[in-house]
Amino acid sequence: MREIFGKGVIKLKSTFSIVSEDSPGVLMRISSLIYRRGYNIESLSVGRTDVPGLSRFTIIIEGEEGVYEQIRKQLSKLIEVIEVRNLTAEGPFVERWLSLVKVMAPVERRPHILQTAEIFRCRVVDLGSDAITLEVTGDRGKVEACMAALKPYGILETAGSGQVALSRAGFEG
């Protein structure tokens, strides 16, 4: 994703996938390395992998064009880091965001809210006397569109996971 900021400075967003040892302090070392170089972390998600003792970080970094290979190399030098991939530079990847949205839902408006939720394939995860909590997953565009569609009903609270991503398993040919 490309954005132009005053005086012709081009800022890009790049998605990194980092596999590291699952040990205390790794998150701090990774985020500090990015911060010290003056780049903004827009999204950061961490979870264990299918291999015991390893975690996968998915990080969206915003910075000036041409610096991401340097960041990749510097992250690779951290002792606990096993693999660093710039998914944006490598080609197609699958991304998902998860958000929980609590919406004001008096009984008379619930059918409209649930109809809107169905359009975005949301799941109802909690139902109270005056509010509904929905789970929405998908790419960034879908989550943002869902939030915009629910806004007129009155969003009370939101919480989001940040991006998780993997390179596509696609077929060559």
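If you're wondering where the values come from, they're calculated on a predicted model, not measured in any experiment.

Asks: Just give me the short version of the pattern of salt bridges, but keep the residues and values in it.
Replies: Within the structure shown, the criterion is met by eight salt bridges. Of the charged contacts in the structure, one is a salt bridge between Arg-48 and Asp-22, with a shortest N-O distance of 2.8 Å. In this pair, Arg-48 is assigned in strand 3 (residues 40-48) and Asp-22 in the loop between strand 2 (9-21) and helix 1 (26-36), connecting sequence segments 26 residues apart. Here Glu-135 ties to Arg-123 by a salt bridge, and the two come within 3.6 Å at their closest N and O atoms. One end of the pair, Glu-135, is in strand 8 (residues 131-138); the other, Arg-123, is in strand 7 (residues 123-127), with 12 residues separating them in the sequence. Residues joined in a network through salt bridges with shared partners are Lys-13, Glu-42 and Arg-140.

Asks: Could you give me a rundown of the side chain of Ser-14, with the residues and numbers involved?
Replies: The residue Ser-14 is located in strand 2 in this model. Among the residues examined, Ser-14 registers a relative accessible area of 3% and is labelled buried. Among the polar contacts listed, one links the side chain of Ser-14 to the side chain of Asn-86, at a separation of 2.8 Å. Ser-14 has contacts with Ile-59, Ile-60, Ile-61, Tyr-68, Asn-86 and Thr-88, leaving out every residue within four places of it along the chain.

Rules and cut-offs
- Residues numbered from 1 in each chain as written.
- Predicted model: local features only at pLDDT ≥ 70, side-chain atom pairs only at ≥ 80, totals over all residues.
- Heavy atoms only, no water.
- Salt bridge = Lys/Arg side-chain N within 4 Å of Asp/Glu carboxyl O.
- Helix = DSSP H or I, 4+ residues; strand = E, 2+ residues; numbered from the N terminus.
- Buried < 20%, exposed > 50% of the residue type's maximum accessible area, 1.4 Å probe, protein only.
- Polar contact = N/O pair within 3.5 Å; in protein donor to acceptor, adjacent residues only side chain to side chain.
- Contact = heavy atoms within 4.5 Å.

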